[in-house]
Amino acid sequence: MDIPVYLITGFLDSGKTEFINGILQDGFARKEKTLLICCEEGELEYDPKVLKNVSVVTVEDEEALTCSQLKAWEKEYAPKQILIEYNGMWLLDRLCKDALPANWVLYQVMTFVEAATFDLYSKNMGQLMMEKITGADMLVFNRCTEELKASLRSRNLRMVNRQADIFLEDNEGNSEDYLTGDECPFDLEQDVIDIPDEDFGVWYVDAMDHPDRYAGKMVHMKLVMCHSVRYPGIHCPGRFAMVCCENDIQFLGIIAKGVGLKQYENRDWIEVTARMAVEKHDAYQGKGPVMHVISIAPCEKPASEVVTF
């Protein structure tokens, strides 16, 4: 039987234990028998009042966290769900690839960072810090001042992890979303902004919402050719996207101008480098992004033809 695993990681004093006490207090383990594996002992201890349905085991050495040991605890405690407070100095890769039993399913990775020490750890332990951030489903920077919030937002952490929910929490425990609506998901300082196949949907939404942001910028991506039926003579290559479910496939096209577009048939895969502009067009019912194609060539389709969000 599969057992869900919730992994809480971060460096010492980042708020991991406080978070675990909080979710246990809120009833996380009230109905399901829970195993809590502690891989790091900080100043804060688990609240005994919330451990009534929780078995706690401690691992002091990374090498002791083995698949056989985890299976032994599974047999001994018969948990329905598992919490792991993971040592920030240990690699996630080792745990996920070598230690977790096949039936222990990693449901969520939550990374906690003390905002004031983020730069220090990033500079001195870059690999460990980036691994925790890139692997997170939820990322929390706590003990933030207003200055630290501004500093973190200026670094555009969405470039590092575009999928995680990121929150900034102050000293009183008040939390706010990292995103304010003004962040750009791509590095605009590049000579050519390369749009990964899997991120076309992210770029499309941002380009439609903020066309001025990309005006004059060079972009490169793989697209499906489309010649508009509603607007004869207009080319609008793009990608098919699953916006909601498998029954909701839509085509996301961008108006394109330039030499070579006519030679490709509908649904041909093309690799395009273009300079972006903002122009008025009936298809946009006003102004919108337009690609002025500089180079175009046939290409192999990506591993996943349909974009997801």
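These figures come from a predicted structure and were not determined experimentally.

Procedures and definitions
- Every chain's residues receive numbers from 1 upward, in the order its sequence appears when written.
- Local features in this predicted model are restricted to residues of pLDDT 70 or higher, and side-chain atom pairs are both shown and tallied only at a pLDDT of 80 or more, whereas totals for entire chains, interfaces and linings draw on every residue.
- Just so you know, side-chain values use all the structure's heavy atoms and leave hydrogens and water out.
- Numbered from the N terminus, helices here are DSSP runs of H or I no shorter than four residues, and strands are runs of E no shorter than two.
- To sort residues, take the accessible area from a 1.4 Å probe on protein chains only and compare it with the maximum for the residue type: under 20% means buried, over 50% means exposed, and anything in between is partly exposed.
- What makes two residues a contact is simply this: any of their non-hydrogen atoms within 4.5 Å.
- Per-residue and other accessible areas were derived by the Shrake-Rupley procedure at a 1.4 Å probe size, with only the shown protein chains allowed to occlude residues.
- For the charge count, each Lys or Arg is scored as positive and each Asp or Glu as negative, with His and the chain ends excluded.
- Every charge is mapped to an atom, namely NZ of Lys, CZ of Arg, CG of Asp or CD of Glu.
- Pairing between two strands is assigned when DSSP locates at least 2 bridges connecting them.
- Here, the term disulfide refers to a pair of cysteine sulfur atoms separated by no more than 2.5 Å.
- What counts as an axis is a line fitted to C-alpha atoms, over the stretch in contact for a helix, and the angles between N-to-C directions run from 0 to 180 degrees.

S.K.: Got a minute to help me understand the overall build of the protein in this structure?
M.R.: Across its full length, the protein carries eight helices and 16 strands. C-alpha atoms of the protein, sized along the principal axes, occupy 70 × 45 × 35 Å. Within the protein, the proportion of its 309 residues that are buried is 47%. Of the contacts made within the protein by residues no fewer than 6 positions apart, 70% connect residues no fewer than 24 positions apart. Total accessible area computed for the protein in this model is approximately 16,300 Å², and 48% of it derives from carbon and sulfur atoms. Here the protein contributes 31 positive and 52 negative side-chain charges, whose respective centroids are spaced 5 Å apart.

S.K.: Would you mind going over the pairing of strand β10 (residues 218-224) with me for this structure?
M.R.: Side chains on a regular strand alternate between the two faces of the sheet. In terms of burial, β10 is largely enclosed, as five of its seven residues are buried. Judged from the three bridges that link them, strand β9 (residues 192-194) and β10 form a sheet pairing that is parallel. Each bridged residue has a counterpart across the sheet, and for I193 the counterpart in β10 is V219. Where β10 and strand β14 (residues 269-281) come together, seven bridges link them in antiparallel fashion. Looking at the pairing, H220 lines up with T273 of β14.

S.K.: Looking at this structure, how should I read the environment of L188?
M.R.: Considering the arrangement of structural elements, one finds L188 in the loop between β8 (175-177) and β9. L188 sits in the buried class, given a relative accessible area of 18%. With 86 residues separating them along the chain, L188 and A274 place their C-alpha atoms 14 Å apart. Look past the residues within four positions of L188 in its chain and what remains in contact with it is I193, R213, Y214 and K217.

S.K.: Explain the side chain of T17 here, please?
M.R.: Residue placement: T17 occurs in helix α1 (residues 16-25). Setting aside chain neighbours within four positions, we find T17 in contact with L44, E45, Y46 and E85.

S.K.: Quick question: what am I supposed to make of the state of the cysteines here?
M.R.: Think of a disulfide as a covalent bridge from one cysteine sulfur atom to another cysteine sulfur atom. On inspection of all chains with the given rule, the structure shows zero disulfides. Looking at the unpaired C96, the closest cysteine sulfur is the one in C39, lying at 12 Å. Under the relative-accessibility criterion, C96 is labelled partly exposed at 37%. Free cysteine C236: the closest other cysteine sulfur is in C226, separated by 3.7 Å. For C236, a relative accessible area of 15% gives the class buried.

S.K.: Even after reading the chapter, I still don't get the sheet that holds strand β7 (residues 165-170), so can you show me in this structure?
M.R.: By definition, the strands of a sheet pair up through backbone hydrogen bonds, in either a parallel or an antiparallel sense. Strand order in this open sheet of eight strands is β3-β2-β4-β1-β5-β6-β7-β8, and the pairing throughout is mixed. The sheet is open, and its two edges are formed by β3 (54-58) and β8, each paired on a single side. Averaged over all pairs of adjacent strands, the angle between strand axes in this sheet comes to 20°, irrespective of strand direction. Where β7 and β8 come together, three bridges link them in antiparallel fashion. Bridging from a neighbouring strand, F167 pairs with D177 of β8. In the packing of helix α2 (residues 67-77) onto the sheet, the strands contacted are β1 (3-10), β2 (34-38), β3 and β5 (104-114), and the crossing angle to β2 comes to about 145°.

S.K.: Would you mind going over unusual backbone geometry with me for this structure?
M.R.: Excluding glycine, a negative phi dihedral is what most residues carry, and trans is how most peptide bonds are arranged. Of note in the backbone geometry, R267 takes a positive phi value of approximately 75° without being a glycine. Tracing the chain through its elements places R267 in the loop between β13 (255-257) and β14. The exposure class of R267 is exposed, given its relative accessible area of 58%. Of note, Q285 is a non-glycine position whose phi angle comes to about 55°, a positive value. Tracing the sequence through the fold places Q285 in the loop between β14 and β15 (286-298). Using a relative accessible area of 79% as the deciding quantity, one classes Q285 as exposed.

S.K.: Mind showing me how you'd approach the pairing of β5 here?
M.R.: Pairing of β1 with β5 involves eight bridges; the strand directions are parallel. What sits directly across from G10, in β5, is F112. Note that β5 and strand β6 (residues 138-144) share five bridges and pair parallel. Each residue of the ladder has a partner; that of T111, found in β6, is L139.

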